[in-house]
Amino acid sequence: MVRAVQDWLLGHHTGHMSLAGHDWSVVTWGLVKNGEVTREFELRPGEPSDIGDSDDDLARARRFRDVLGWYASGVTVVTADPGSHPVGLTCQTFSSVSLEPPLVSFMPARTSRSLPIIRDAGHFCVNILAADQQAIAQVFASKGADKFNGLGWAPGVTGAPVLDGAIGRVDCTVHSIHEAGDHFIVVGNVKDLAITREAEPLIYFRGTFR
Ligand SMILES: Cc1cc2nc3c(=O)[nH]c(=O)nc-3n(C[C@H](O)[C@H](O)[C@H](O)COP(=O)(O)O)c2cc1C
């Protein structure tokens, strides 16, 4: 037990990134075992949050989540690959926007580590998950460094990863990114889309998968 604790050391470095006119302080933490970084996490202390810590503020935030949680949605994994390392996040905020021209959107939080990479890559692929892909949804909802470990995928027409076993894909270039409170609204130009597996969809309702 003592030996195990000695093996695991925490390393870190800091940096900065610029997004939507703001300068963000970025801290990358690596879990180091026998001198090798085995997992990486990013924390961004000091990010603005409009949720106060008074009882009223907390009750308002809880009510917002409780009411909106009754809106059932499908579950997607939004991916991008700048060429060096694929990234992705689980997203329920995917929506169609416009038929002509074909536009879709999703809404990443300001804290999303994938967002600056999606913005710089200039593309993203929305992978619509099937009911038997809950484990994938959980991995992509985490802050793990290598979410693609053990996953089958191939680049779509934009270069963004298309995940094996998903119901379908909506492959896009970035049209625009808009600030919206503690989230951004990312709009994409649809370049390619297809249903590749007619399976039951994964559903997210009141904080749980169905
Ligand atoms: C079912 C489900 C839906 C989610 N939808 C969103 C979403 O629409 N926008 C978002 O920013 N995060 C959403 N998340 C949380 C992100 O997946 C999570 O914060 C993830 O760690 C972000 O990864 P990243 O920081 O590597 O981009 C969702 C999580 C789950 C489980």
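Residue positions are given per chain, counting from 1 as you read along its sequence in written order. In keeping with the predicted nature of the model, local features appear solely for residues at pLDDT of at least 70, side-chain atom pairs appear and are counted solely at 80 or more, and the whole-chain, interface and lining totals rest on all residues.

Asker: Just give me the short version of the overall build of the chain, but keep the residues and values in it.
Answerer: When helices and strands are counted, the chain shows four helices and 15 strands. For every residue, the other C-beta atoms within 10 Å of its own C-beta are counted; 20 or more classify it as buried, 12 or fewer as exposed, and values in between as partly exposed. C-beta atoms are placed from the backbone. For the chain, the residues scored as buried account for 24% of the 210 residues in total. A pair of residues counts as a contact when their C-beta atoms, built from backbone coordinates, are separated by no more than 7 Å. Here the analysis covers contacts within the chain between residues at least 6 apart in sequence; of these, 60% occur between residues at least 24 apart. Think of it this way: any DSSP run of H or I at least four residues long counts as a helix, any run of E at least two long counts as a strand, and we number them from the N terminus.

Asker: Could you give an account of the pairing of strand 12 (residues 168-180), naming the residues involved and the relevant values?
Answerer: For two strands to pair, DSSP has to find at least two bridges joining them. Taken together, the six bridges between strand 9 (residues 123-128) and strand 12 define a ladder with antiparallel strand orientation. If you follow N127 over to strand 12, its bridge partner there is R169. Of the pairings in the sheet, the one linking strand 12 to strand 13 (residues 183-195) comprises 12 bridges and is antiparallel in character. Bridge assignment links A180 to a residue of strand 13, and that residue is H183. Between the end of strand 12 and the start of strand 13, which pair antiparallel, lie two residues, with G181 showing a positive phi angle near 60°.

Asker: For the nonpolar core, give the residues involved together with the corresponding values.
Answerer: Core analysis: the biggest nonpolar cluster contains 31 residues, and V78, F124, V126 and L129 have the highest contact counts within it. When sequence neighbours within four positions are dropped, the list of residues in contact with F124 reads V78, T79, A80, I118, A160, C172, V174 and G188. We call a set of buried Ala, Val, Leu, Ile, Met, Phe, Trp, Tyr and Cys residues a nonpolar core when their C-beta atoms link them within 7 Å.

Asker: How would you summarise the pairing of strand 8 (residues 103-106) if you had to cite specific residues and measurements?
Answerer: Summarising the sheet, strand 7 (residues 95-98) and strand 8 pair through three bridges and their orientation is antiparallel. By the bridge assignment for strand 8, S95 is matched with S105. Counting the residues between successive antiparallel strands, the hairpin from strand 7 to strand 8 contains four residues. Bridging between strand 8 and strand 13 involves four bridges; their strand directions are antiparallel. Looking across to strand 13, one finds that F106 is bridged to V186.

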